Amino acid sequence: MSQAITFSAYGAPDVLQLSAVDTPEPGPGQVRIRVRAASVNPLDMKIRSGLMAGKVPAHFPVTPGLDAAGVVDAVGEGAEAAVGDEVLGATAGGSYGEYALLDRAVAKPAALSWEVAASLVTVGRTAFRVLAQSGVQAGQTLLIHGAAGSVGVIAVQLAVARGVTVIGTVGAHDDDRLTALGATAVRYGDGWVERVQAAAPQGVDHVIDASGAGVLAESVALTGDSAHVITIADLSAAQHGVRFSAGAADQSETLPELVRSAADGTLTVPVWRTYPLAEAAQAHTDLEARRNRGKAVLLP
């Protein structure tokens, strides 16, 4: 037996409880890790609350969590890692626990902290995917809503590195952080359209919405084409003719590339705060209140 965070009913953060669970056993191709860090993602909270019940039905009790980093302590037949390896990856069956299973383990460079390693997986792959799906090209102008969020920050850096002019909507305290990444910061809230137009007199070619803040109609008007707007956060996308990006296509090389960039310092992954595993409910509470300015990470 080992310890993990579980929930047995949908609800507020306080449904998350530290529980004794069976230690998972790796199947073919899988590895089991002793978790050193587990990332907290917005999808975790949507699943816990029941908001995603129609798309991701729960089989209670649920151990939440999408990604983790740790040390391999058991391997399944055919696994491409060895006991003692330091790895990271997307988890099968949850990551908020002392142990987790990875279907595909990626080596963690020594230069990468456990917290950053765990934080990179879902948000990095999401940013890479949505940027590719947006169709934006070098020399064009891209507007990113929620540019200071965990996905937005990585999307900004990837786009700038590809020669894209990036405008990002942010809150009052994130202007300097976004500017340092090579983007132009614009405050969200009333009047944001006019502020974007002033910052991008050449016009906006594509929009990525990572905020879910009800900005799709105006974004379509800015680009003149709903096909040039994509969201990862607004479930009303279809009402505006906008694509909702979810899931993961074949990204077998994406994560190792992101890991290398984070390890050599060319990609920044902000970690806001760490929490003991038992304080997972507090982590959810803080993120739902939008107190964070970067990733929240659990340390079992």
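Residues numbered from 1 in each chain as written. Predicted model: local features only at pLDDT ≥ 70, side-chain atom pairs only at ≥ 80, totals over all residues. Heavy atoms only, no water.

Quick look at the packing of helix α2 (residues 114–134) against helix α3 (residues 150–161) now. Running from N to C, α2 and α3 cross one another at 50 degrees; their axes reach a closest spacing of 8 Å. It follows from the interaxial angle that α2 and α3 lie oblique. Taken as a pair, α2 and α3 cross one another with a handedness that is right-handed. Touching Leu-120, Val-123, Gly-124, Thr-126, Ala-127, Phe-128 and Leu-131 of α2 are Ser-150, Val-151, Ile-154, Ala-155, Leu-158 and Ala-159, all from α3. Taken together, the residues that form the contact of α2 with α3 break down as ten nonpolar, three polar and no charged. (Axes fitted to C-alpha atoms, helices over the stretch in contact; angles between N-to-C directions. Helix = DSSP H or I, 4+ residues; strand = E, 2+ residues; numbered from the N terminus. Parallel < 35°, antiparallel > 145°, perpendicular 65-115°, else oblique. Left-handed = near helix turned anticlockwise from the far one by under 90°. Contact = heavy atoms within 4.5 Å. Nonpolar A, V, L, I, M, F, W, Y, C, P; charged D, E, K, R; others polar.)

Moving on: helix α5 (residues 192–199). The complete set of buried residues in α5 reads Trp-192, Val-193 and Val-196. All buried residues of α5 fall inside an arc of 100 degrees around its axis, so they share one side. Exposed residues pointing more than 90 degrees away from the buried face of α5 are listed as Glu-194 and Ala-198. (Buried < 20%, exposed > 50% of the residue type's maximum accessible area, 1.4 Å probe, protein only. Arc of directions from axis to C-beta.)

Across a sheet, strands are paired by hydrogen bonds formed along the backbone, either parallel or antiparallel in direction. One open sheet accounts for six strands, arranged β10-β9-β8-β11-β12-β13; its pairing is parallel. The sheet terminates laterally at β10 (184–187) and β13 (243–244), the two strands that pair on one side only. In this sheet, strand β9 (residues 165–170) lies alongside strand β8 (residues 141–145) in parallel orientation, the contact comprising five bridges. Among the inter-strand pairings, Ile-144 is bridged to a residue of β9, identified as Gly-168. Across the sheet, α2 touches β8, β11 (206–209), β12 (229–231) and β13, and the angle it forms with β11 is around 150 degrees. On the sheet, α3 packs against β8 and β9 and is oriented at approximately 170 degrees with respect to β8. (Pairing = 2+ DSSP bridges.)

For strand β15 (residues 295–299), a buried count of four out of five residues is recorded, marking the element as mostly surrounded by other parts of the structure. For strand β3 (residues 31–40) and β15, the ladder comprises three bridges, and the chain directions are antiparallel. Residue pairing for β15: Val-40 is matched across the bridge by Ala-296. Relative to β15, strand β14 (residues 271–276) runs parallel, the two sharing five bridges. Of the residues in β15, the one forming a bridge with Arg-273 is Ala-296. In this fold, β14 hands off to helix α8 (residues 280–288), which returns the chain to β15; that crossover is right-handed. (Right-handed = clockwise from strand over helix to strand, strands pointing away.)

What follows concerns the pattern of salt bridges. According to the stated counting rule, one finds nine salt bridges in the structure shown. We note a salt bridge from Arg-293 to Asp-174, for which the minimum N-O separation is 3.0 Å. Of this pair, Arg-293 sits in the loop between α8 and β15 while Asp-174 sits in the loop between β9 and α4 (175–180); the two residues are 119 residues apart in sequence, bridging distant segments of the chain. One continuous salt-bridge network, built from bridges that share partners, spans Glu-25, Arg-32 and Asp-73. (Salt bridge = Lys/Arg side-chain N within 4 Å of Asp/Glu carboxyl O.)

A separate point is the packing of aromatic side chains. Aromatic ring pairs are defined here through the distance separating the ring centres and the angle between the ring planes. Taken as a whole and judged by the stated rule, the model has two aromatic pairs. Ring centres of Phe-7 and Phe-60 lie 6.0 Å apart, and the angle between their planes is 70 degrees; on these two criteria the pair is classed as edge-to-face. Placement of Phe-7 in the loop between β1 (2–6) and β2 (17–21) and of Phe-60 in the loop between α1 (42–49) and β4 (67–75) is noted, with a sequence separation of 53 residues between them. Using a relative accessible area of 1% as the deciding quantity, one classes Phe-7 as buried. (Phe/Tyr/Trp six-rings, centres within 6.5 Å; stacked < 30°, edge-to-face > 60°.)

What follows deals with the packing of α5 against helix α6 (residues 216–223). The geometry of α5 relative to α6 is characterised by a closest axis approach of 11 Å and an angle of 30 degrees between their N-to-C directions. Comparing the axis directions of α5 and α6 gives the class roughly parallel. Relative to α6, the crossing made by α5 is right-handed. Residues Trp-192, Val-193, Val-196 and Gln-197 of α5 form the contact with α6, whose participating residues are Glu-218, Ser-219 and Leu-222. When its residues are assigned to classes, the contact of α5 with α6 shows four nonpolar, two polar and one charged.

The next point concerns a nonpolar patch on the surface. Together, Leu-51, Leu-235 and Phe-244 give the surface a local cluster of nonpolar side chains, amounting to about 290 Å² of exposed area. On the basis of relative accessibility, which here comes to 33%, the residue Phe-244 falls in the partly exposed class. (Patch = residues over 30% accessible without salt bridge, like charges linked within 9 Å, V, L, I, M, F, W, Y side chains within 5 Å. Areas by Shrake-Rupley, 256 points an atom, 1.4 Å probe, with all protein chains shown as cover.)

What follows covers the environment of Ser-39. Inspection of the secondary structure puts Ser-39 in strand β3. Residue classification places Ser-39 among the buried positions, given a relative accessible area of 0%.

Another point: the nonpolar core. One recurring pattern in soluble globular proteins: nonpolar side chains tend to sit buried together. Counting residues in hydrophobic clusters, the biggest one holds 42 residues, and the most contacted among them are Leu-88, Leu-120, Leu-142, Ile-144 and Ile-154. Put simply, the parts of the chain that give this core at least two residues each are α2, β8, α3, β9 and α7 (254–263). When residues of this core are assigned to their parent elements, the largest contribution, eleven residues, is made by α2. Residues in contact with Ile-144, not counting those within four places in the same chain, are Gly-152, Ala-155, Val-156, Val-166, Ile-167, Gly-168, Thr-169 and Ile-208. Formed by 28 residues, the second largest nonpolar core is a distinct cluster that contains Ala-79, Ala-100, Leu-102 and Leu-298. (Core = buried A, V, L, I, M, F, W, Y, C linked by side-chain atoms within 4.5 Å.)

It is worth stressing that arrangement in space is one thing and function is another; only the former is reported here.
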